[in-house]
Amino acid sequence: SYSFCTLLDIRKMEVDQPPSLGRCTIHVVDSTKRMALVGLLVLLYAVALQWSWSTMGDPYSDAVEEARRVHDNFMKEEARKPKKVEWVEDEEDDLHDIDSEDHHRKWEDTEDVNEDGAGSGSGDELLSDDNEMNTTMEAKLKKALPSETLPSAGAAAMLFIIISCNVFFFLLCHWYPPFLAAALFSPTTKLIVGGSILVRTLAHHGKPGMSTLFKNQVTGELTFEFQRRNYIIKQEGSKAIVTPVSPSISEPLSSYAKSKGLKSDDVAKKFKIYGENRLSIIPPTLFTMWRQQLISPIPVFQFFSSILWMLDEYWQYTFFTFFTIMLLEFGTAFQRLRTLGQLTKMSMKPYPVMSFRDGKWTELSTLQLLPGDIISLAVSKQDKESKSKDGNDVVPCDCLLLSGSAIVNEASLTGESIPAMKDAIPASETKALEMEGAHRIHTLFSGTTLVDNKQDTTSVGIPSPPNHGVVCYVLRTGFGSSQGSLMQMIEFSTEGVAGDSRETFWALLFLLAFAVMSAIYVFQKGLEKGDRTTHELLVKSVLIITSVVPRQLPMQMALAVNTALMALVKAGVMCTEPFRVPLAGKITHALFDKTGTLTTDTLVPAGVVNADGKQHDLIAVNQASEKASIILAGCHSLVSSSDGENTIVGDPIEVAAIRGIEWRYDPKKQTATRGSWEEKEKIVNNIERQLKAYKQGTKRHKELSADLEVKKKEAKAAKEIADSSKLSVHIKHRFHFSSKLQRMSVIAEVSNGPRSTQQLCLVKGSPEALSKLLNDSKPEWFTSCYTKLMEKGMRVLALGYKPWDGPGKPERDQVENNLTFAGFIAFSCRIRNDTTAVIRSLRESDHSLAMVTGDGLLTALHVAKEVGIATQQNSFTLEAGSNAVEWVQATGDDKEKVPFNFDKLEELNKRGDLLTTEDNLMQAAEVLGDELWKVCSYFRVFARMSPNGKAKVIRSLQEHQSAHVLMCGDGSNDVGALKQADVGLALLSGYGNANTGDEADKTEDDVPAEVALNKHQKEMDTKAAKATAEKRELMKQKQQELSQKQKQWLEEEVAARERRGEDTGVFGQMAAMKVVLKRFQEEMKQEEREVSKVGNVYAPTMDDVLGSAEMDSLMIRPGDASVAASFTSRLPTIKSTVDLIRQGRCTLLSALQQQQIMMLESLIQAFTLSALSLEGARQSERQMMASGWLLSIATLSFSYATPVDRMHPERPLRSLFHPAIFMSMAGQALIHIGCMYRAVTMATDFMGTEELAAVVEFHRKARLNEVEEEADPDDPLAFFTNTFWSTPFKPNLLNTVVFLVETAQIVAVLFVNYKGRPWMKGLSENHALFLSLFITFAGIAYIAWGFSPELNAMLHFAAFPDDAFRWETIGLVALSTFGTFVWDRIATAIFAPRIFKIMVQEALATKPSDILPIFTTLFKVVGGFIVVSAVNPIILIGGYFLYKKMNAKELGD
C-alpha cells in the first residue's frame, strides 16, 4: 500500500546537500514497479518459451521437406534420361542433392524407369521402403539439417533478445545507480529506515551511488554512508537536510579551552558515531578486483560480441579474444590494486599517543582518537630515519592547540615546505572557531608533520602531559579530517576520462543506422538466395550491427591521457586529476603569481632607509639603525628546522632580513642577538664535508677550498661582533602576519645589558598599511621614497615601533597604532633564468597573460615588464572613489588621468598596460556594476590581491569570457586560485635561488622564444647527465671507503659484545655482522644525502648548494601538494606550464583523431562483413588474429604520439562534427566503400558461381566436421595445433582480395588521419607508427605477389590469377590510400583554410635530415632481425654490456 501511495504521489522531496555532493534524491523500494517488471518478464518468457515449444523442430521438418522436394525434382529429371544409375561405393563421387544444404545421397537403381518417372526407384519409395538407404539418408539429414529441437527463427530471436535485455537490465542497474532508482524505486516525501538516497556526484568526483538509510543507535538520527564518509539526513517539513557526520567546529574558543577530555561513557557513544580514526583503504583481493573489471561495460560488450562470433563457429578467434580481454583486464585490475596500495601508503600509520580521558593521561592508539579528546603531541626523539618510518611526527587528526606552541610542515596542504608556527588559542576568546580562516594559526591539520613543539603548563587546567608535548583538542578524525578529504579527492577524482559524450552519441547513432541498413539488406538477400538458414542470417546480421561499435571507444581518451601523464611525470609534473589534462589543451589565459613563481622565493636584501637618515637612498642592510635592526630581529615567525642543526627556516623575507642585519636567532629561546657566526660556521662545516668528496687538485676541490677561506674569515668576524655586543631581543607575544591587514607585530623585551631592559611593540608591513598607523613621526618623503623603490621592482616593508607597558597578551588593535616610524627595508627577487623565455613563448602562441600577486602594484609592474607580461611603455592603474572611477598613469611624475569608459577601454589598452589592486577593483565594481568583471581580460597586473580576490578574478574570466584559465603559483595564498582555475599548477617552494644567475636567458626578438627555451632545456639535461655521472662516481668511492671500514667495525662490535658479556661465538659473530651491516646501510644513506646536494643542475653558485637547509626540505612525497592544485611541479621553473599546454593539445588532438579513425574503421569492417556475408564467404580466423596483432601495434604506436617542442598560435580542431573533419570522414568512407565494392565485384566475377558455390559447400562440410585433418593423437603438440590452429578453411580469391583491401584501408585510415604538426610530432617523427604502417603496406605487396607461398598457405591466402588482377588490386589499395589523403586535405583546405596553410608550411619545412632517422630505424630493425637470427646470443649479450661500459666511460669523461 505504501508503494502504491508513493506511486500516486508524484511530488519529490527537496534535498539540501553540502557543496561536496551533487544532487541528492530520496527513494523507497517500489514493489509495484518490481512486480510489474517481474510480471512483464514472466509474460515475455512465457510467450517466447511457448512459441519456442510450439515451433520446436519446425526448421528441421521444413528442411527435410525441402530435401525431399529437391530429390523428387531430381528424380523426375533423371527419369527422362534413358540410362541406368549404379550404386557408387565411394562417397567422394556422390552425384545427387537431396536436401537444402546440398548434401549428397547415394543409392542404387537397377530397374528401368519410364518417361514419366514412375517406378520403384522414386524418392518416396526410397524413403519408405529401402531400410538401408533410409538409414543412410537419415544420418546425412541429422548432420546437414538444423537440430530437431531448434525452434523457429522468430522464436529463437525473441528468446535471445529477452535474455539479452534481462541481463543488460541488471547490469545497467549495477553500472548506473540513477537507472536503478528510476527502474526499481520511487521518489518519496517521507524519510524512513530502509529507504535509499541517490547521490549524483559533482563532475570528476567519482560515480553516483545509492545508499541505504539506517538509524544511528546513539543519536537516533537517519544516516547513510557515501564515498567512505557518513552523513546525517533530517526532514524539516517537505525538505530533507543532508549534513556530514562531523562534530561542531564552530563553537566559541573558550568552550574548547575549558574541555577536560572524554569520559568512558562518552567514548562508547562517540565511537558508534564517528568510528575509528582510520585513513587507510583496505584494498580488495586481486581476484575481486579482476571480477569487477570483467563485469564493467567495456569487457561485457566485448564478451557479448565474441559470443556472437562463436555462434558463427569462430571458435579460435573467440577464445583468442576471450584470452586477450581477460589478460588486459587482469593487468588493469593489478594496476588499480597498486594504485590503491600507494594511496594507502600515503595515509598515516597508527602510533601511540597520550590522551586525557577520565581525568588522567593514558596511552592510546591514534586509531582510538575521537572528536572531543584531549591529546598531547610531541616531536619524536628518534633519529631522522626511524622517525620518518614510524610516522609518529605526523599529526593524527585535525586538532586545536590549547597550550604550548608548535611548528609544523604543511607541505601536504599548501605545497609550501616552509614550516608554519602554531600558537595556543586565547582561553577567554568568545569568537566562533574558524579553522580555515582567522584561527588557522591555532589549528593543526592531519597529515602535516610536527617539526618542533614547546610545552606550556600554565595554559590549561589539566595536569601536564608526561611526554612534555603540546595539548590539543581533537576536532575531526578519519575521512572527515583534512588528510581524509585529500585521500577522498585522489581516490574518486581519478575516474575514467571520456571525450565529448554528446558527439560520441551522435557518431555512434550514425554508425548504427548504417549497420542496421546493411544488416537488413544482407538478411533480405540471404533469404532470396535460400542457401543459408534464417538462423545463420540472423547471426550474421547481429554481427554486422555490433561491428560498428568500436570496442576500444571508451578507452580512446583514457589511453591518450595516460600517455600524457607518463610524459608529464618525466618532466617533473605530478597529476592528481587526470581529467584536467585535455583541459590544458584548451587554455586561453595564463595567470602567474610573482614571488616564488616568476621569481625565486628567496629575497635578497637590497638595503634599508633609516628614518633618522639625512639621505633617503638605500644603504647596506648591515648599516640599519638600532631601532630598525631590533624590529627586523624580533618581528618575525622564524622557527628551527628539523635537521637537528637548529637552522632557522620560515618566510624567505624574514630569513633574508635577519641574515642581512647579521643577527642570529635562537628559536628555542625565541631570542635574537647580534653576530651571525653560528650560521656562517654551519656553512664552513658544509663546505668542509663537501671537500672530502673530491680529490685534491681537481677543479671543484680548488673552488671549494677558495670559498672555504672566505667563509672562515666571515665567521671569525661575526664571532667577534657577537662577543662584543650585549643587545638582545626576546619575543614574548606574536600577532601573526595577516594577508588582509598586510602586517604583523610582536611584543618583545629588548635588553642592552642587565640594567637596560624595555618592552617594545614591533610592527612591520606594507607601506600602505603602516602609513595609517604612524604618529607624527611619519616623514614627508614617506610616500615618494617607497614609491621610487617599488618602481625599481623592489619589495618594500615599512618598520614601526612604540614602547609598551600594557598586558602581556593584549588585543591586536592595542598594539598596532600610534607607531613611530623606523625606516624601510627593500628586497629584490631574482627572476628565474627561463621565466622570460616561457612568458614570451606563451605570448607568441596567442595566450593572454596576467600577473596576480599580493605584492605592491609598482613592484609587480616592474617584474611584469622584466619578464614580458607588461610590454608597453605606459601603464595605467585603476583608481576608484565613492562615486567615480578613473585611470591614472602608474609611473612618472606627470600622472595623466583618464575617465573610465567601457567603449574606449580597448583604445586605452593600446596606449598602455592596465593595472589594478584588489581594493580599487572591488570599489570600482560597486560603482560600475558587474559589467567591470566582463573586461578583466584587459588587465595585465592584479596587485595586492587576497586569496579570495585571486579566485574571483579567475572566476570572472571563466564566466564572462568563456576562458580556459591556467593558474601557476606557490604557497597557501594561491590555493583558492589554483582550485578555481581549469588547470592549476603548484610549484614546490624551498629551492632558494636555484635556476637563477647572471646567465639568465636573454633571447633576441627575432629568435623564437621556444627555440631558446628548448636550448636551455637541453643544457639542463646535459648538466643533469653529468651530475648523475658525478654522483655515481662519488657514491662508488664512498662505498669503497665504507667497505674497507667494515672489518674494523666488526672487530669493534665483537669487542663491545665481549665487554658486555654477550656471546662472541658463531651466533655472536652473526649478530655482530648484522649490526655492522645496518651501520653500513645507514652510513650509505647519509652519504647519499650529502652527495645529493652536489650537482643541482639549477644551482648557479656553490652557496645555493652548500650552507642551506632549504634543499633538504624539498624531500616531499609525490602528490603532497595535490590538495592545492591538480598539477604539481617539482622543478624551480614555470616551464612546466609550457609542458602542460603542449601535452594538453597533443592529448586533445590524439583523442579526436583516434575517435575519427575508429569511426572509419567500424564502417569499413561493417561493409566488409556485409559483402562477405552476401556471397556466403567467411573470414579466416588466422587472418583475423594476425591482422589484429599487426593493427594493434599500429594503434598502440598511434596512441604514443608526443607533442612538438613549439606551441603554435593556431589551436587544433576539437569537434568531430567540425565541417573539415565531418566532410573528410564522409568522403573517406565513400572512397573506401567504393574500392571495397569494386574489389568484391572483381573477385566474384573472376571466381564465377561454381567456385563460389564450392567455397560455400566447403564451409558447410567444415561445420559438419566432414573435412578431416589427420593428427597423431599421441602427439600433444600436433593435437593442439590441429584443434586450435588448423581449423579447416578453403583459401579463395574473394577472401584474399577482401582481406588485403580491408587491411590496407584500415592502415590508410591511420596514415591519412594522423595529423601531427604543428601540435604533435608528425608521422615521419613517430617512427614506431611509420614503421608499422610501412611494414603493413609492404606485407600486402609481399602477399599479393606471393613471394612466400608457405606464408600465404599458412595464412589461408589464395594465389592471384594473373598480373593484371594483381595490379588492379594494388591499384585499389593505392586509390584507398592516396584518394582519401587527397580528399582529406581538400576538405581541410575548404573548411579550415588556416590549418591547411599551416600544414603546407610544415610540409615544406621538412628536410631530408628529418626523414633520415626513419630509414636509420628501419635499418636497425632489419639489421637486428638478421643479427638475432644469425649470431650467437651470448656474443650479443657481451657486445651489449661492452657498449654500455664504453658509453658510460665517455659520459664520465
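Fair warning: this is a prediction, and the values are worked out from it, not measured in the lab. (Residues numbered from 1 in each chain as written. Predicted model: local features only at pLDDT ≥ 70, side-chain atom pairs only at ≥ 80, totals over all residues. Heavy atoms only, no water.)

Strand β16 (residues 405-409) sits mainly inside the fold: four of its five residues count as buried. For β16 and strand β19 (residues 449-454), the ladder comprises five bridges, and the chain directions are antiparallel. Residue pairing for β19: Ser405 is matched across the bridge by Lys454. (Buried < 20%, exposed > 50% of the residue type's maximum accessible area, 1.4 Å probe, protein only. Helix = DSSP H or I, 4+ residues; strand = E, 2+ residues; numbered from the N terminus. Pairing = 2+ DSSP bridges.)

This brings us to the nonpolar core. Core analysis: the biggest nonpolar cluster contains 61 residues, and Leu1294, Val1297, Leu1300 and Phe1360 have the highest contact counts within it. Residue assignment for this core shows that the elements contributing at least two residues are α16 (501-529), α36 (1135-1174), α38 (1219-1263), α40 (1293-1313), α41 (1327-1344), α43 (1363-1391) and α44 (1393-1404). Per element, the largest residue contribution to this core is 13 residues, and it comes from α38. Those residues in contact with Leu1294 that sit more than four places away from it in its chain are Leu1172, Glu1175, Ala1177, Val1240, Ala1243, Thr1244, Met1247 and Leu1252. (Core = buried A, V, L, I, M, F, W, Y, C linked by side-chain atoms within 4.5 Å. Contact = heavy atoms within 4.5 Å.)

Next up on the list: helix α2 (residues 31-54). With 24 residues, α2 should reach 34 Å at 1.5 Å per residue; the first-to-last C-alpha distance of 34 Å fits that figure. Along α2, the residues that are buried comprise Leu41, Ala48 and Ser52. Contacts made by the buried residues of α2 are with α6 (153-175). Measuring from the backbone nitrogen of Thr32 back to the side-chain oxygen at the start of α2 gives 3.0 Å, which picks out Asp30 as the cap. (Expected span 1.5 Å × (residues − 1). Polar contact = N/O pair within 3.5 Å; in protein donor to acceptor, adjacent residues only side chain to side chain.)

With respect to topology, four strands assemble into an open sheet ordered β5-β2-β6-β7, the strand pairing being antiparallel. Both outer strands of the open sheet, β5 (185-187) and β7 (209-212), are each paired with one neighbouring strand and no more. Along the sheet, successive strands turn relative to each other by an average axial angle of 40°, direction set aside. Sheet topology places strand β2 (residues 24-29) next to β5; three bridges connect them, and they run antiparallel. Within β5, the residue paired with His27 across the bridge is Pro187. Contacts from helix α7 (residues 177-184) reach β2, β5, β6 (196-199) and β7, with the element oriented near 85° to β5. (Axes fitted to C-alpha atoms, helices over the stretch in contact; angles between N-to-C directions.)

Across the five residues of strand β35 (residues 885-889), four count as buried, placing the element largely inside the fold. The pairing of strand β34 (residues 874-880) with β35 spans five bridges and is classified as antiparallel. Across the sheet, residue Phe876 finds its bridge partner in β35, namely Gln889. Two successive antiparallel strands, β34 and β35, enclose a turn made up of four residues.

Strands sit in the order β1-β11-β10-β9-β8 across an open sheet of five strands; the sheet is mixed. Every interior strand has two partners, whereas the edge strands, β1 (14-16) and β8 (214-215), have only one.

Right, let's talk about the packing of α2 against α6 for a bit. A pair of packed helices can be characterised by two numbers: the angle between their axes and the separation between those axes. Between α2 and α6, the shortest axis-to-axis distance is 8 Å and the interhelical angle comes to 155°. The angle between α2 and α6 places the two elements in the roughly antiparallel class. For the crossing formed where α2 meets α6, the hand is left-handed. Taken together, the residues of α6 that come into contact with α2 (itself represented by Leu37, Leu41, Leu44, Tyr45, Val47, Ala48, Leu49, Trp51 and Ser52) are Gly154, Ala155, Met158, Leu159, Ile162, Ile163, Asn166 and Phe169. Tallied by class, the residues present in the contact of α2 with α6 amount to 14 nonpolar, three polar and no charged. (Parallel < 35°, antiparallel > 145°, perpendicular 65-115°, else oblique. Left-handed = near helix turned anticlockwise from the far one by under 90°. Nonpolar A, V, L, I, M, F, W, Y, C, P; charged D, E, K, R; others polar.)

Here Ser355 is to be found in strand β12 (residues 352-357). The exposure class of Ser355 is buried, given its relative accessible area of 0%. Setting aside its immediate chain neighbours within four residues, Ser355 contacts Lys360, Trp361, Thr362, Leu364, Asp373, Ile374 and Ile375.

Taken together, Trp506, Leu509, Leu512, Val516, Ile520, Phe1217, Phe1222, Met1223, Val1382, Ile1386, Ile1390 and Phe1391 make up a surface patch of nonpolar side chains, about 1,000 Å² in accessible area. Broken down by secondary-structure element, the contributors of at least two residues to the nonpolar patch are α16, α38 and α43. In terms of residue count, α16 provides more of the nonpolar patch than any other element does, five residues in total. Checked against the element boundaries, Leu512 lands in helix α16. What makes Leu512 partly exposed here is its relative accessible area of 37%. (Patch = residues over 30% accessible without salt bridge, like charges linked within 9 Å, V, L, I, M, F, W, Y side chains within 5 Å. Areas by Shrake-Rupley, 256 points an atom, 1.4 Å probe, with all protein chains shown as cover. Salt bridge = Lys/Arg side-chain N within 4 Å of Asp/Glu carboxyl O.)

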